[in-house]
Amino acid sequence: MSFEYLALLAAACWAVGSLMSATAATHLGAFAFTRIRMLSASVMLWLLALLLGTWHSLTLDSLYLLALSGLIGIFIGDTALFAAMNRLGPRRAGVLFATHSLFSAVLAYLFLGETLWGWTLFGSSLLISGVMVAIFFGKRKNEEHAWENGNQQVKRGMALALLSALCQSVSTLMVKPLMETDIDAVAASAVRMSTAFVLHFALLLLGFSVARARTPATPKVLALTIGNAALSMVLGMTLILQALKHGNAGLVAILSSVSPILVLPLLWLVYRKSPAVGAWLGAIMTVAGTVLILAH
């Protein structure tokens, strides 16, 4: 499978996983939910690496780089995104986080010498614009979220959302040269995920109140959390690393950013509500941009 389809498949995993996470994250709290799914993902990834024997592909030098990538992208990036959502709400934070594809394209050009030209560049621009339009204008008037009501700490929230996007881009580009070697994507994902889990667990051990579970986990919540970990973090993250083995890092980031668009039909299926006009417009732009990229 080509890297373009691997990136799109990863976005699909994240889209489905996001629906599974809503109930569990609300029940446990963002930090406790993240910690449990990181633990679940780490266990699954290491079991796979051991069963497949691919852990041998890891070297001492690669461990340092992968751990640093996990620190920047998963631990700092995810934490900053949750903090941004608390200040801006999921919609506005989502628009700002979508800039990670732009950051990736620019950084890939500056540090990896990767360029996008012609129809591919036009398609990428259309795709990114479509994602932002769908998020920003995809809400109906009667769907105001409680988090959207206030405008407190807007500047800090914007800074955190952009920090999260930048961390996502930097962590991806850090491992791009490494993934072009013989290192296995599953083993690499295991190291990144384990690093982030250890750091999250350290927050709990150090007594940070935000790291504690809001309410005790139930069997249903644990099942949803583990399912999200398997789909979003084990399969999704590994597919992205596999895509980086053969593809343009900026283009991988751009294609994988279609996740908010893929959520729209899933929400329609679950809640029986047609997406807003802005969401349809953004989806059309995104699909057109994706087709142009795949065709050229």
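This text follows the structure it describes.
Residues numbered from 1 in each chain as written. Predicted model: local features only at pLDDT ≥ 70, side-chain atom pairs only at ≥ 80, totals over all residues. Heavy atoms only, no water.

**Topic: the overall build of the protein**
At step 1: Per the secondary structure count, the protein includes twelve helices and zero strands.
At step 2: Here the C-alpha radius of gyration of the protein, 18 Å, is about what a compact globule of 296 residues would show, namely 19 Å.
At step 3: The C-alpha extent of the protein, read off along each of the three principal axes, is 55 × 50 × 35 Å.
At step 4: When each of the 296 residues of the protein is scored for burial, the buried share is 50%.
At step 5: When contacts within the protein are restricted to residue pairs at least 6 apart in sequence, those whose partners lie at least 24 apart make up 92%.
At step 6: Surface summary for the protein: the accessible area is close to 14200 Å², and the carbon and sulfur share equals 71%.
At step 7: For the protein, the distance from the average position of its 18 positive side-chain charges to the average position of its 10 negative side-chain charges is 16 Å. (Helix = DSSP H or I, 4+ residues; strand = E, 2+ residues; numbered from the N terminus. Rg over C-alpha atoms; globule rule 2.2 N^0.38 Å. Buried < 20%, exposed > 50% of the residue type's maximum accessible area, 1.4 Å probe, protein only. Contact = heavy atoms within 4.5 Å. Areas by Shrake-Rupley, 256 points an atom, 1.4 Å probe, with all protein chains shown as cover. Lys, Arg positive; Asp, Glu negative; His and termini not counted. Charge placed at Lys NZ, Arg CZ, Asp CG, Glu CD.)

**Describing the packing of aromatic side chains**
At step 1: Scanning the entire structure with this criterion turns up four aromatic pairs.
At step 2: When the ring of Trp119 is compared with that of Phe122, the centres are 5.9 Å apart and the planes differ by 80°; the resulting orientation is edge-to-face. Placement of both Trp119 and Phe122 in helix H6 (residues 118–136) is noted, with a separation of three residues, approximately one turn of the helix. (Phe/Tyr/Trp six-rings, centres within 6.5 Å; stacked < 30°, edge-to-face > 60°.)

**Looking at the nonpolar core**
At step 1: Formed by 63 residues in total, the largest nonpolar core has its most connected members in Leu66, Met179, Met193 and Leu244.
At step 2: It is helix H8 (residues 185–205) that provides the largest number of residues to this core, a total of ten residues.
At step 3: In this view, Met193 contacts Met38, Ala41, Ser42, Leu45, Ile74, Met233 and Met237; residues no more than four positions away in its chain are not counted.
At step 4: Core analysis: the next-biggest nonpolar cluster, separate from the first, contains eight residues, Ala80, Ala84, Ala93 and Leu160 among them. (Core = buried A, V, L, I, M, F, W, Y, C linked by side-chain atoms within 4.5 Å.)

**Description of empty space enclosed by the protein**
At step 1: Under the criterion given, the structure shown has one cavity of 30 Å³ or more.
At step 2: Looking at the largest cavity, its volume works out to about 160 Å³.
At step 3: Trp14, Gln168, Thr172, Met237 and Ile240 are the residues nearest the centre of the largest cavity, which is lined by 16 residues in total.
At step 4: Secondary-structure elements contributing two or more residues to the lining of the largest cavity are helix H3 (60–88), helix H5 (100–112), helix H7 (154–179), helix H9 (219–246) and helix H10 (249–256).
At step 5: Here the element with the most residues in the lining of the largest cavity is H9; it accounts for four residues. (1 Å grid on protein atoms, 1.4 Å probe; cavity = no way out; pocket = protein on both sides within 12 Å on 5 of 7 lines; lining within 4 Å. Points joined across faces, edges and corners; volume = space filled by probe spheres on them.)

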